[in-house]
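As a plain string of letters, each chain reads:
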Amino acid sequence: MPKKFLQLVPFYPFNAPYVMHPREDYFLMPAEIMGDRGYEVEFVTLRNTAPTREYKSGNNIAAPEEMVGDYKVRRFSNILSIYRYLRSQKGAFLQVHLRPYPPSQFAGFVAPQKKALRPFTYLLGSNRLIEILTRLVLPRYDLIQCVTPYEIDIYKRAGVKDAKIRLIPLSIDYPFFSAKPGDVREVAERFGYADSEFVVISIAQIRQHKRFDDVMRALKIVRERIPSAKFLAVGDDMLPRQGLPSLMETAKSIGVEDSVVATGFQMPELVRSFIHGANAFVHAADNEYQGLVSYENAAAGVPLCLSNIGTHTSVFGDNALYHGVADHKALAANLLRYYEDSSLRKSHTSVLSKQMADWDYGIIRKKLTAAYEEFFKI
């Protein structure tokens with residue numbers, strides 16, 4: 001009977017419209033690695049496939065068990081049921097994802113298996129009690145998978161030993177995003193920004209901490225120099241679900257609604273066309289685990305304007321422009337620097353467009369495989 005590999009996840013599969021690019025599916029990659037090694041792979045989660053308020057819509061209760069592709073998904077009615085199952089599978093290997101997810105947060109205390117953690121956050125806790133519990137549970141894992149040098153520093157300071165930590169970022173599909181598609185102009189015309197001489201793009205599920213409002217405040221300043229400038233906001237508008245004005249309501253209050261193109265969620269092929277039609281990419285979030293969209297834009301040769309948080313600065317270094325969180329005036333100045341200084345654009349993008357190949361699926365898969373070989377002895 002083959003050994004088991006269990007993955008504790010907040011949901012699986014990714015439900016439409018939240019479609020993951022296959023080579024960027026961070027839940028699927030571990031399953032493929034271990035499945036190729038002959039392990040029986042199972043995803044373990046709760047039956048409520050949308051466990052947080054932001055994503056929940058009605059009684060979204062999934063089947064207790066189903067096959068998704070080659071892999072079994074087991075869904076349980078409560079956290080205790082998950083823990084009982086994990087404890088019954090002592091000979092399995094366990095990959096835990098998303099530490100803020102309640103079943104994952106405390107799994108390290110109860111799961112008897114050799115286990116790895118992909119935290120999906122560098123924040124230790126939303127309050128002092130959670131922080132204390134986090135510091136206690138982290139040493140119980142055999143492997144902590146971090147995505148940036150900044151995250152590694154956070155966990156080291158929290159008392160995690162160097163020997164347990166490996167830098168294994170989430171992957172991008174580098175060949176896909178670095179290749180310019182043939183429909184860039186047609187897409188720009190269809191969405192109404194082809195006449196702009198300066199297109200700023202942000203891509204995300206639009207939530208408060210992504211700070212799209214700061215991008216629009218910066219856009220208002222940029223328009224004084226470049227009247228035709230447009231802001232391409234790509235992603236589902238989640239702000240009303242957070243009890244906040246919608247993206248376009250916010251744009252109207254700032255006075256830039258005629259310069260904002262809100263595309264909603266789009267599939268990767270169209271997102272790539274948006275990226276290659278942009279002149280600058282902005283990620284203004286006040287916290288971000290990795291931010292795959294920054295890497296995708298860098299791979300495409302789009303200059304980066306980023307908030308000066310550690311997950312950005314520790315990776316992109318001197319090849320991006322940074323602004324303080326909520327400092328829209330500094331962001332506007334950075335956007336105008338890229339617009340006016342072609343040598344700066346070229347020096348930054350020429351470095352990053354090549355560097356991003358190190359985050360390609362094949363490279364990251366080798367790193368994750370090597371970590372499993374080292375820690376799980378697969």
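Caption draft 1: The pattern of salt bridges, seen in detail. In total, this model carries 24 salt bridges according to the counting rule given. For Glu-66, the salt bridge is made with Arg-75, and the minimal N-O distance between the two is 2.7 Å. Residue classification places Arg-75 among the buried positions, given a relative accessible area of 5%. Put simply, Asp-162 and Lys-156 hold a salt bridge, and the shortest N to O gap is 3.6 Å. Put simply, Lys-4, Glu-42, Glu-65, Lys-72 and Arg-74 are held in one network by salt bridges that share partners.

Caption draft 2: Spotlight on the environment of Arg-140. Within the secondary structure layout, Arg-140 lies in the loop between α5 (128-137) and β7 (143-146). A C-alpha to C-alpha distance of 42 Å links Arg-140 and Ser-350, two positions 210 residues apart in sequence. Arg-140 has contacts with Gly-108, Phe-109 and Lys-115, leaving out every residue within four places of it along the chain.

Caption draft 3: Molecular detail of the sheet that holds strand β2 (residues 40-46). Across the sheet, which stays open at both edges, the eight strands sit in the order β3-β4-β2-β1-β5-β6-β7-β8 with mixed pairing between neighbours. Two strands bound the open sheet, and with one partner strand each, they are β3 (65-68) and β8 (165-167). Ignoring which end each strand starts from, the neighbouring axes of this sheet average 25° apart. Note that β7 and β8 share three bridges and pair parallel. Among the inter-strand pairings, Ile-144 is bridged to a residue of β8, identified as Ile-165. On top of the sheet, helix α6 (residues 149-157) reaches β7 and β8; it is set at about 170° to β8, its chief contact.

Caption draft 4: Molecular detail of the sheet that holds strand β13 (residues 304-307). Read from one edge of the open sheet, six strands run β11-β10-β9-β12-β13-β14, paired in parallel fashion. Two strands bound the open sheet, and with one partner strand each, they are β11 (260-264) and β14 (321-323). For this sheet, the mean inter-axis angle between neighbouring strands, taken without regard to orientation, is 20°. Of the strand pairs in this sheet, strand β9 (residues 199-203) and strand β10 (residues 230-234) are connected by five bridges, and their pairing is parallel.

Caption draft 5: How the structure looks around the environment of His-209. Its location among the elements puts His-209 in the loop between β9 and α9 (212-225). When the C-alpha atoms of His-209 and Pro-227 are compared, they prove to be 28 Å apart, with 18 residues separating the residues in sequence. Residue contacts for His-209: discarding those within four places in its chain leaves Ala-285, Asp-286, Asn-287 and Glu-288.

Caption draft 6: Structural detail: the nonpolar core. Counting residues in hydrophobic clusters, the biggest one holds 66 residues, and the most contacted among them are Met-34, Phe-43, Ile-201, Phe-316 and Met-356. Examining the composition of this core, we find that seven residues originate from one element, helix α16 (residues 361-376), more than from any other. Filtering out sequence-adjacent residues up to four positions away, Phe-316 remains in contact with Ser-294, Tyr-295, Ala-298, Leu-304, Leu-306, Tyr-322, Leu-352 and Met-356. Counting residues in hydrophobic clusters, the runner-up holds 31 residues, among them Ala-204, Ile-206, Ile-226 and Ala-251.

Caption draft 7: Summary view of the packing of aromatic side chains. On inspection of all chains with the given rule, the structure shows 19 aromatic pairs. A centroid spacing of 6.3 Å and a plane angle of 70° characterise the contact between Phe-11 and Phe-27, whose relative ring orientation is edge-to-face. Remark: Phe-27 occurs in the loop between β1 (4-8) and α1 (28-36) and Phe-11 occurs in the loop between β1 and α1; sequence separation between them is 16 residues. The exposure class assigned to Phe-27 is buried, which follows from its relative accessible area of 3%. The interplanar angle of 55° and the centroid separation of 5.4 Å between the aromatic rings of Tyr-295 and Trp-359 together place this pair among those described as tilted. Here Tyr-295 is found in helix α12 (residues 292-299), whereas its partner Trp-359 is found in the loop between α15 (342-355) and α16, with 64 residues between them in sequence. Assessed through its relative accessible area of 0%, Tyr-295 is described here as buried. Overall, Trp-359 belongs to the buried group, its relative accessible area being 12%. Aromatic ring contacts, followed pair by pair, group Phe-5, Tyr-39, Phe-93, Tyr-372 and Phe-376 into a single cluster.

Caption draft 8: Structural context of the pairing of strand β5 (residues 93-97). Burial runs high along β5: five of the five residues are buried. Alternating residues of β5 divide into Phe-93, Gln-95 and His-97 and Leu-94 and Val-96, and every residue in both groups is buried. Judged from the four bridges that link them, β1 and β5 form a sheet pairing that is parallel. Counterpart to Leu-6 in the pairing with β5 is Leu-94.

Caption draft 9: Region of the structure containing α6. Here α6 has its buried residues at Glu-151, Ile-152, Ile-154 and Tyr-155. In an axial view of α6, the angular spread of the buried residues amounts to 160°, which keeps them on one side of the axis. In the core, the buried residues of α6 are packed alongside β7 and β8. Once α6 ends, the next one or two residues include Gly-159, with phi positive near 100°.

Caption draft 10: Main features of the pairing of β2. Within β2, six of the seven residues are buried, which leaves the element mostly enclosed by the surrounding structure. In this sheet, β2 lies alongside β1 in parallel orientation, the contact comprising five bridges. Bridge pairing in β2 links Lys-4 to Glu-40. Pairing geometry for β2 and strand β4 (residues 71-76), over five bridges, is parallel. What sits directly across from Phe-43, in β4, is Val-73.

The rules behind the values
- Residues numbered from 1 in each chain as written.
- Predicted model: local features only at pLDDT ≥ 70, side-chain atom pairs only at ≥ 80, totals over all residues.
- Heavy atoms only, no water.
- Salt bridge = Lys/Arg side-chain N within 4 Å of Asp/Glu carboxyl O.
- Buried < 20%, exposed > 50% of the residue type's maximum accessible area, 1.4 Å probe, protein only.
- Helix = DSSP H or I, 4+ residues; strand = E, 2+ residues; numbered from the N terminus.
- Contact = heavy atoms within 4.5 Å.
- Pairing = 2+ DSSP bridges.
- Axes fitted to C-alpha atoms, helices over the stretch in contact; angles between N-to-C directions.
- Core = buried A, V, L, I, M, F, W, Y, C linked by side-chain atoms within 4.5 Å.
- Phe/Tyr/Trp six-rings, centres within 6.5 Å; stacked < 30°, edge-to-face > 60°.
- Arc of directions from axis to C-beta.

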